[in-house]
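Residues per chain are reported as follows:
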Amino acid sequence: MPRTPASRRTAHRLAADAGLLVVAAAFALPLAWVVLSSLDAHAGLEVKVPDGLTLDNFDAVLKPDITFTPLLNSLILCGGATLLTVACAALAAYPLSRFRSRLNRPFLLTILFATSLPITAVMVPVYALFVQVNLIDTLQGTIFFFAASQLPFAIWLMKNFMDGVPKELEEAAWTDGASSFQSLIRVVLPLMGPGVAVVTVFAFVMMWGNFFVPFMLLLTPDQMPASVSINDFFGNRGTVVYGQLAAFSVIYSTPVILLYVLVARRLGGGFALGGAVKG
Amino acid sequence: MTGKAAAPRRKGARRSLVRALPAAPAVVLLVLFLAGPIGYCAYIAFTDLQLTGQAHASFVGFDNFRAAFKDEAFLNAVWLTLVFTVLSSLVGQNTLGLALASLMQRASKPMRTLVGGIVITAWVLPEVVAGFLLYAFFRREGTLNAILDGLHLPSQNWLFTLPILAVSFANVWRGTAFSMLVYSAALNEIPKEITEAAEVDGAGGWRRMWHITLPMIRRSIGTNLMLNTLQTLSVFGLIWVMTRGGPGNRSQTLPLFMYEQAFQKSMIGYGTAVALLLLVVGSLFSLVYMRLLRTEV
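From a predicted model like this one, the values you see are computed outputs, not experimental measurements.

Undergrad: Go over the overall build of chain A with me, naming the residues and quoting the values.
TA: Helix and strand content of chain A: 12 helices and zero strands. Listing each helix as α and each strand as β along chain A from the N terminus yields α-α-α-α-α-α-α-α-α-α-α-α. Computed over its C-alpha atoms, the radius of gyration of chain A comes to 24 Å, more than 25% above the 19 Å expected for a compact globule of 279 residues. In terms of overall dimensions, chain A has C-alpha extents of about 75 × 70 × 35 Å along its principal axes. The buried share among the 279 residues of chain A stands at 52%. Considering only contacts within chain A whose residues lie at least 6 apart along the sequence, 70% involve residues at least 24 apart. Of the roughly 12800 Å² of accessible surface on chain A, a fraction of 64% belongs to carbon and sulfur atoms. Both charge centroids of chain A, one from 17 positive and one from 15 negative side chains, sit 17 Å from each other.

Undergrad: Which residues make up the domain arrangement of chain A, and what are the values?
TA: Residue and element names in this part refer to chain A. Taken domain by domain, chain A holds domain 1 (1-54) and domain 2 (61-268). Each of domain 1 and domain 2 has a C-alpha centre, and these two points are 34 Å apart. On the side of domain 2, six residues touch domain 1, which itself brings eight residues to the contact. One can count zero salt bridges joining domain 1 with domain 2. Summed over the shared surface of domain 1 and domain 2, the number is zero residue pairs in polar contact (both at pLDDT 80 or more).

Undergrad: Before we move on, can you summarise the environment of Met216 of chain A with the specific residues and values?
TA: Relative to the elements of secondary structure, Met216 of chain A occurs in helix α10 (residues 212-217). Relative accessible area serves as the criterion here: at 4%, Met216 of chain A is assigned to the buried category. A sequence separation of 135 residues divides Met216 of chain A from Ala81 of chain A, and the C-alpha atoms of the two residues are 17 Å apart. Those residues in contact with Met216 of chain A that lie beyond four places of it in its chain are Met123, Val124, Tyr127 and Ile136 of chain A together with Tyr259 and Phe263 of chain B.

Undergrad: I'd like a rundown of the confidence of the model for chain B, residues and numbers included.
TA: Within chain B, residue pLDDT values average 86, and 94% of them lie at 70 or more. Under the prediction, the complex receives an ipTM of 0.87, its pTM being 0.89.

Undergrad: I'd like a rundown of the packing of helix α3 (residues 64-98) of chain A against helix α9 (residues 193-208) of chain A, residues and numbers included.
TA: Residues and elements named next belong to chain A. At their nearest, the axes of α3 and α9 sit 9 Å apart, and the two run at 140° to each other. The angle between α3 and α9 falls in the class oblique. Here the hand of the crossing between α3 and α9 comes out right-handed. Along its contact with α3, which presents Leu71, Ser74, Leu75, Cys78, Gly79, Ala81, Thr82, Thr85 and Val86, the element α9 presents Val196, Val199, Thr200, Ala203, Phe204, Met207 and Trp208. Along the lines of polarity and charge, the residues of the contact of α3 with α9 split into 11 nonpolar, five polar and no charged.

Undergrad: Which residues make up the UniProt feature "transmembrane region" (unreviewed entry) in chain A, and what values do they have?
TA: All names here are of chain A. If you check UniProt for "transmembrane region" (unreviewed entry), the listed places come out as residues 71-94, 106-130, 142-158, 196-219 and 239-263 in our numbering. Within the segment residues 71-94, helix and strand shares are 100% and 0% respectively, and the terminal C-alpha atoms sit 34 Å apart. Along residues 142-158, the helical share is 100% and the strand share 0%, with 23 Å between the first and last C-alpha atoms.

Undergrad: So what's going on with the interface of chain A and chain B? Residues and values would help.
TA: Opposite the 88 residues of chain A that make contact, chain B presents 88 residues. Buried area between chain A and chain B, both sides added, is near 7800 Å², and the carbon and sulfur share of it is 81%. When residues of chain A are sorted by the area they lose upon contact with chain B, Leu20, Phe27 and Leu45 of chain A head the list and together hold 9% of the total. Applying the counting rule to chain A against chain B returns zero salt bridges. The interface formed by chain A and chain B holds seven residue pairs in polar contact (both at pLDDT 80 or more) in total. Elements with a contribution of two residues or more to the side of chain A that touches chain B: α1 (5-38), α3, α4 (104-115), α5 (123-132), α6 (139-163), α9, α10 and α12 (242-267) of chain A. Here the side of chain A that touches chain B takes 18 residues from α1 of chain A, the largest share from any one element. Per-class residue counts for the side of chain A that touches chain B are 66 nonpolar, 16 polar and six charged.

Conventions used here
- Residues numbered from 1 in each chain as written.
- Chains lettered and ligands numbered in written order.
- Predicted model: local features only at pLDDT ≥ 70, side-chain atom pairs only at ≥ 80, totals over all residues.
- Heavy atoms only, no water.
- Helix = DSSP H or I, 4+ residues; strand = E, 2+ residues; numbered from the N terminus.
- Rg over C-alpha atoms; globule rule 2.2 N^0.38 Å.
- Buried < 20%, exposed > 50% of the residue type's maximum accessible area, 1.4 Å probe, protein only.
- Contact = heavy atoms within 4.5 Å.
- Areas by Shrake-Rupley, 256 points an atom, 1.4 Å probe, with all protein chains shown as cover.
- Lys, Arg positive; Asp, Glu negative; His and termini not counted.
- Charge placed at Lys NZ, Arg CZ, Asp CG, Glu CD.
- Domains from an automatic or database assignment.
- Salt bridge = Lys/Arg side-chain N within 4 Å of Asp/Glu carboxyl O.
- Polar contact = N/O pair within 3.5 Å; in protein donor to acceptor, adjacent residues only side chain to side chain.
- pLDDT = per-residue confidence, 0-100.
- Axes fitted to C-alpha atoms, helices over the stretch in contact; angles between N-to-C directions.
- Parallel < 35°, antiparallel > 145°, perpendicular 65-115°, else oblique.
- Left-handed = near helix turned anticlockwise from the far one by under 90°.
- Nonpolar A, V, L, I, M, F, W, Y, C, P; charged D, E, K, R; others polar.
- UniProt positions renumbered as here; feature names shortened; annotations may be inferred.
- Buried area = accessible area lost by both parts, 1.4 Å probe.

This is how it looks when you write it as structure tokens:
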């Protein structure tokens, strides 16, 4: 009996659902481990349902030296660098988007080129340079480098969003006597609010999760952000309390996941790709 | 005559300078903290700079590079970087991302949301956390072995027996979301009529994929491959957390080798030469990527 297109489509959908379910299960196992272990008093390395749920692990890690100080450090570091990135990117994107100049194209090409350089490779010379100019082990030095490493992509994204704001609206502000700076602040940026939010969240999320930069540029334990201090769970004592490690991982990861959900909801799917990977 | 022509030009130059002024802070940051270190990198790669016990570094020409290509540990790192990149980015992230995206086109909506949510969460997680999760997954007492035991299959200490495979899988777990998003966007742009016409003409799933879908999204494939490769070339934290490059140096890719030479062995000059090679390879990929995007700017 020939199958009807409708029944064939249903069969296809079931097959696709089954395939996706398998992949989803495989991807979910490591995530399940961290959630279940954080609530388990006797957490080990394998995924298992705890005998009884407990918040003891969270209690144990929610202390100034384990959680609050590193998270505050992360916040200062990533918050400061994000502000710097977004401010500089917005300013730099403005002339690129609004005025025609022979310099625009070479500048944008350089930025695009820098966007995809492997930053990891730059860290050894950055370290050597920071030692010479006494920026090593300073928050401001790390913030500056963080901002510089995020800037190319941030400028690129910001420029693409800014291109979407019609110039006529701004010309009205100009005839009313506003300077370009005023029209950028009062007219252009408010109109591209979602775009600014995307650049901000993206920069913050990238830095919040970055391990290598603070690992190289900061030395004092008190200054370490969560991405580096998490290593302390694998301390010299040899034994690891996996439940507490899992609890800390959950606390440390939650802000970026929430931020992602916040922005992704508003802009749909692959927001981070806007303009960068148009095929 | 010339004066008349020059005046407006000078005025125009001053005007474009004033207009470009807002870009100054960004340019200063980029020059001081990104271009500066890269330039400095190109300089100290040719010196014998060390971390300790040395008054002046002296210029040694191509010695660092010659030493590298005779150094078995370096060649091992190049080989492992190649394996890591091909396995995790080219084969893993790229193919799985495309497979997930095309399955999602046909799947039911709740399933799309579920899979998208899980895969993207793995991507958004901080690098170190992802490293720990997969460390737990692959360890002797970990989840993978528990499952294998349940199926009566031989278990082993994956991080010891097949470390490079384990970290490659970890990178697939962490990075596939990006390809999935790129390909979902690309597949959504293919007009429905084209695939439906092919279906009516009797082309099966695989033939439609090979003759219609892939050619239509080839530019997305190109850019995605470039970006995946660049991303993978600079992975450090994930491998560091899972294996520290070991056991021995069996998962020591170039970034970890560079770190070991520069800091654990204090040979900044040598470590930087490796970094420079990594930058050059990255630049080549970056240039190809720009060629693929050339109509955009």
